[in-house]
Amino acid sequence: SAVIELERVSKRYPGGVHALREVDLVVETGELLAIVGPSGSGKSTMLQLIGTLDRPTSGTVRIAGHDAGRLDDRQLSALRAQRIGFVFQQFHLAPGVNARDNVADGLLYSGLSLPERRRRADRALDRVGLAHRADHLPHQLSGGERQRVAVARAVAGEPSLLLADEPTGNLDSVAGAAVMSLLGDLHDDGTTVLVITHDREIARALPRRVWIRDGVIGHD
Ligand code: ADP
Ligand code: ADP
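Chains are numbered independently. Their residues run from 1 in the order of the written sequence. To label them, take the chains in the order written and letter them from A, then take the ligands in the order written and number them from 1. With the structure being a predicted model, the display of local features is reserved for residues of pLDDT at least 70 and the display and counting of side-chain atom pairs for 80 or more, all residues being used for whole-chain, interface and lining totals. For the side-chain quantities, the full set of heavy atoms in the structure was used; hydrogens and water were omitted.

1. Considering the packing of aromatic side chains
The condition is simple: In this analysis, rings of Phe, Tyr and Trp, with Trp reduced to its six-membered ring, are considered paired at centre separations within 6.5 Å, and the interplanar angle assigns stacked below 30 degrees, edge-to-face beyond 60, and tilted for intermediate values.
Considering all chains together, one arrives at 1 aromatic pair under this definition. Plain terms: the ring middles of Phe86 and Phe88 are 5.9 Å apart, the flat faces sit at 5° to each other, and that makes the pair stacked.

Next up, the structure:
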């Protein structure tokens, strides 16, 4: 079944920028794909709509079978918390909070107790190969390790969909390759993974690419 269904999705920002034009996209459960295009082409806008962080001007966004347009903001928060993990270029870890609790805080809205959240955090850190860094603070970790902690945080709640926005953008090529390899492992374990990138090399290594330019998408 489809995790993402976009039907004739358009987004026009106040001021007139037409960031997406009648985009159709279906992503099936278990896919690993890249949305690839140059700066300003509409990639982040697409991620915001798929992540239900923003609403389209027209068209339908369906995530895990839910029509996002029929849900209010509270219901969308719940949908995100249960279904979607986010990874960003800037890691977005809380400073002064160790890796375990950065990951556990990603489960704040799960209703789980703190000890259970920490147990799941340790499991997620183990999955990304960082069990031995659980007590480290972000500034004690390399950039690549910080991004792997961010990935652990994103998948600790076992989301249906992992959205990664330029996940290697702040990393050197070795650390970037490690993060991409980790996303590949998560995909092998059944997670649906969508990567946004302007980097054609990264896109080429993935099983599916969707190209975007001036808000219009094409497939290869
Ligand atoms: P990308 O992620 O590919 O760089 P974006 O989705 O960020 O592209 O931007 C697509 C277009 O929409 C650009 O012209 C950008 O300047 C514009 N845009 C993005 N966000 C906003 C916003 N909040 N308000 C107005 N224009 C925006
Ligand atoms: P990225 O390409 O990594 O998304 P941007 O600098 O394009 O980085 O966007 C950063 C933030 O600014 C995003 O939330 C985007 O929606 C917003 N933004 C981008 N372009 C514009 C714009 N022209 N006007 C207002 N907000 C914008």
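That covers the picture; the talk isn't over yet.
2. A look at the sheet that holds strand S5 (residues 66–67)
For clarity, the threshold we go by: Strand pairing is defined by DSSP finding a minimum of two bridges between the two strands. Helix and strand assignments come from DSSP, with helices taken as H or I runs of at least 4 residues and strands as E runs of at least 2, each series counted from the N terminus. Residue contacts are defined here by distance: any two heavy atoms, one from each residue, within 4.5 Å place the two residues in contact. Here, axes are lines fitted to C-alpha atoms. For helices the fit covers the stretch in contact, and angles between N-to-C directions go from 0 to 180 degrees.
Strands sit in the order S2-S1-S4-S5 across an open sheet of 4 strands; the sheet is antiparallel. Each edge of the sheet is formed by a strand with only one pairing partner; in this case those strands are strand S2 (18–28) and S5. For strand S1 (residues 2–12) and S2, the ladder comprises 7 bridges, and the chain directions are antiparallel. For Val9, the partnering residue across the bridge sits in S2 and is Val23. The strands that helix H1 (residues 43–50) touches are S1, S2 and strand S4 (58–63); relative to S2, the one it contacts most, it runs at about 55°.

3. Points about the sheet that holds strand S6 (residues 84–88)
One open sheet accounts for 6 strands, arranged S6-S7-S8-S3-S9-S10; its pairing is mixed. Each having just a single partner strand, S6 and strand S10 (216–219) make up the two edges of the open sheet. Here the average twist between neighbouring strands, direction ignored, is 20°. Here strand S7 (residues 161–165) runs beside strand S8 (residues 192–197); their pairing, made up of 5 bridges, is parallel. When the bridges of S8 are listed, Asp165 appears paired with Ile196. Seen against the sheet, helix H2 (residues 73–83) touches S6 and S7 and runs at an angle of roughly 80° to S6.

4. Re helix H5 (residues 143–155)
The line we're drawing: What a helix is expected to span follows from its residue count: subtract one and scale by 1.5 Å. Here's how the labels work: a residue is buried when its accessible area is under 20% of the maximum for its type, exposed when over 50%, partly exposed in between, all with a 1.4 Å probe on protein chains only.
With 13 residues, H5 ought to run about 18 Å at 1.5 Å a step, and its terminal C-alpha atoms sit 19 Å apart, in line with that. Among the residues making up H5, those that are buried are Gly144, Glu145, Gln147, Arg148, Val149, Ala150, Val151, Ala152, Ala154 and Val155.

5. Some remarks on the pattern of salt bridges
Where charged atoms from two side chains of opposite charge approach closely, those side chains can pair. The cut-off we apply is this: We define a salt bridge as a contact between a side-chain nitrogen of Lys or Arg and a carboxyl oxygen of Asp or Glu at a distance within 4 Å.
Tallied over the entire structure, the rule returns 15 salt bridges. With its nearest N and O atoms 3.3 Å apart, the salt bridge here joins Glu5 to Arg62. With Glu5 in strand S1 and Arg62 in strand S4, this residue pair connects regions lying 57 residues apart in the sequence. What makes Glu5 partly exposed here is its relative accessible area of 23%. Residues Lys11 and Asp54 are paired through a salt bridge, measuring 3.2 Å at the closest nitrogen-oxygen approach. Of this pair, Lys11 sits in strand S1 while Asp54 sits in the loop between H1 and S4, placing them 43 residues apart in sequence. By relative accessible area, Asp54 is classed as partly exposed at 28%. The structure contains a network of salt bridges with shared partners spanning Glu5, Glu7 and Arg62.

6. Focus on the pairing of strand S9 (residues 208–213)
Strand direction decides the pairing type here: strand S3 (residues 32–36) and S9, joined by 4 bridges, are parallel. The residue bridging Leu33 from the neighbouring strand is Arg208, located in S9. Strand direction decides the pairing type here: S9 and S10, joined by 4 bridges, are antiparallel. Within S10, the residue paired with Arg213 across the bridge is Val216.

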